[in-house]
Amino acid sequence: MSRLVVVSNRLPLGENPSGGLVVALDDALRSSGGLWIGFSGEPVEDPAEELIDHPGAAFDRLSFDLSPEDHHNYYLGFSNSVLWPICHGRADLAHLDPVYLDGYRKVSARIARLMVPHLRPDDRIWVQDYQLFALGAELRKLGVRNPIGHFLHIPFPAPAECATLPNPAELFDWMTHYDLVGFQASRDMDNFAASGFHMAGMEQIGLNTFRLDGRTLRAEVFPIGIDAQSFIEEARDAPDADQVRFLTNARLMIGVDRLDYSKGIPQRFRAFQQLLESIPDLHEKISFLQIAPPTRSGVQAYDDIREETEYLAGRINGQFATLNWTPIRFINRPYPREVLAGLYRQARIGLVTPLADGMNLVAKEFVAAQDPEDPGVLILSRFAGAAEQMPEALIINPHDAHETAAAMASAMRMSIEERRERHAAMLQVVLEKDVGWWSAAYLEALEQESTKEQPEN
Ligand code: GDG
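Residues numbered from 1 in each chain as written. Predicted model: local features only at pLDDT ≥ 70, side-chain atom pairs only at ≥ 80, totals over all residues. Heavy atoms only, no water.

Taken together, 20 residues form the shell around the ligand, and within it His153, Tyr335, Asp357, Leu361 and Glu365 come nearest. The contact in question runs from an oxygen atom of the ligand to an N or O atom on the side chain of Gln184, over 3.0 Å. Leu361 is positioned with one of its backbone polar atoms (N or O) 2.7 Å from an oxygen atom of the ligand. Across the complex, the protein chains shield 81% of the 720 Å² of accessible surface that the ligand would expose by itself. Element by element, the count of residues in the shell around the ligand is highest for helix H12 (residues 361–369), at three residues. For the shell around the ligand, the per-class residue count stands at eleven nonpolar, four polar and five charged. (Near = heavy atom within 4 Å. Polar contact = N/O pair within 3.5 Å; in protein donor to acceptor, adjacent residues only side chain to side chain. Areas by Shrake-Rupley, 256 points an atom, 1.4 Å probe, with all protein chains shown as cover. Helix = DSSP H or I, 4+ residues; strand = E, 2+ residues; numbered from the N terminus. Nonpolar A, V, L, I, M, F, W, Y, C, P; charged D, E, K, R; others polar.)

In structure tokens form, the structure reads like this:
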């Protein structure tokens, strides 16, 4: 079997890989033997003009450096202040600055240049996510003929959103240089087909095949999963309820998200407020714990969302708290995975209400963590990719505080039979379509593409 080369924005260099994506790719690389290439993590004044080796893992690891300027324009700029908001339907938060786009092009070309000396003729190259849309095209310019695939972890924008990019046609030029592009959900595939047609004249020539400027591309949906078995064990072995004594008689409702404006945290706070206003019987019977580690601080939109959520939590607590009960606990720092697993298992409600989300792994982790005999209820936004796979959740529109509050009330009163039935259906998907399934399915499709062209480099 040919060697697998994974390229992602960040090279995980810690001893213990954590997070679904890192575990998935780690497993895939271990089994086929391979190479992982990514950013070293901290910008440096004088970036090395070669990739840096990090021995000591079960596979090879090579990192590239970025100068502060490149990091600012390519990563904070075009990736996180243009592509991220636009792909999440928030063009109003995008900063369109030509310097960002230039930085993105320049860094993509540089990564390709640094990679080429390390590639072998039979490598399969798997590029991850929106920070690296342009890498495949840059590798092709340098004569790389190997099979190259891309997987997009976040939503693909619909035509009206795509039109707010500074370079919509170029996006499709980049993407059609890959042999295979993978998406989280069928809505992304539909958006890709429609936007590509409208913005660049990309033609759909088969169920999963597209053509642009003589290049043919395969596109398919591969919903990412979690390492379900290990999460189940982690939740089972988690520290017991004594750790969360503060809950007293109240049932726990939990949300866990990076503090990002795409996750719909203020909207869910308002829905909770709506619940407490409309059903006073639930006072002191439900306690909402929101864990939201900060992310990308220093970017204005992230500082704003933090202020808004802090304000709302304070206001709701001021309005409803009693001497014995704090309605919302809003915690702005990360917790270890095993603690989260234990909290999910104790929760009556898992609240996953993004306004836009590629998949949302927390939804799957919540399901995996439940006791099948007495499971909690998942409230899930229709805008999370996970909603396509788990229609047995209570599916809500996160913009609608009334509907979300009604789902909270119904989760509180749901019979044990109904909870078990819904949970069993969701658990089956989480177990069957786990992270191992995801990487194997993707790599098999890429392998099929590798028989199409003979590498020349
Ligand atoms: C992107 C896409 C797509 C969160 N807080 C803590 C913590 N987490 C872990 C969760 C989960 C992961 O981080 C978050 O994954 P999500 O999928 O929910 O969201 P993004 O970070 O936005 O990820 C997303 C994903 O890529 C994969 O393709 O699903 O749509 O946006 O695993 O548990 N982990 C720990 N402490 C925390 O406080 N240990």
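Once that is clear, we can look at the environment of Val367. By the element assignment, Val367 lies in helix H12. Residues Val367 and Ala228 lie 139 residues apart in sequence; the distance between their C-alpha atoms is 9.3 Å. If near-sequence neighbours (up to four positions away) are discounted, Val367 is found in contact with Leu378, Met390, His423, Met426, Leu427 and Val430. (Contact = heavy atoms within 4.5 Å.)

The subject of this paragraph is the sheet that holds strand S8 (residues 203–204). With mixed pairing, the ten strands of this open sheet are ordered in space as S3-S4-S2-S1-S5-S6-S7-S10-S9-S8. This sheet does not close on itself; its edge strands, each paired only once, are strand S3 (52–53) and S8. The pairing of strand S1 (residues 4–10) with strand S5 (residues 124–128) spans four bridges and is parallel. Within the sheet, the bridge partner assigned to Leu4 lies in S5 and is Arg124. (Pairing = 2+ DSSP bridges.)

A few words on the domain arrangement of the chain. For the chain, the assigned domains are domain 1 (4–225 + 436–448) and domain 2 (228–432). Between domain 1 and domain 2, the contact holds 21 residues from the first and 20 residues from the second. Summed over both sides, the interface of domain 1 with domain 2 buries roughly 1600 Å², with 58% coming from carbon and sulfur. When the area that domain 1 buries against domain 2 is broken down by residue, the three leading residues are Trp84, His88 and Arg187, summing to 29%. Linking domain 1 with domain 2 are zero salt bridges, by the criterion used here. Where domain 1 meets domain 2, there are eight residue pairs in polar contact (both at pLDDT 80 or more). At the level of secondary structure, the elements contributing two or more residues to the side of domain 1 that touches domain 2 comprise helix H2 (68–87) and helix H7 (186–200). When grouped by side-chain class, the residues that make up the side of domain 1 that touches domain 2 number eleven nonpolar, eight polar and two charged. (Domains from an automatic or database assignment. Buried area = accessible area lost by both parts, 1.4 Å probe. Salt bridge = Lys/Arg side-chain N within 4 Å of Asp/Glu carboxyl O.)

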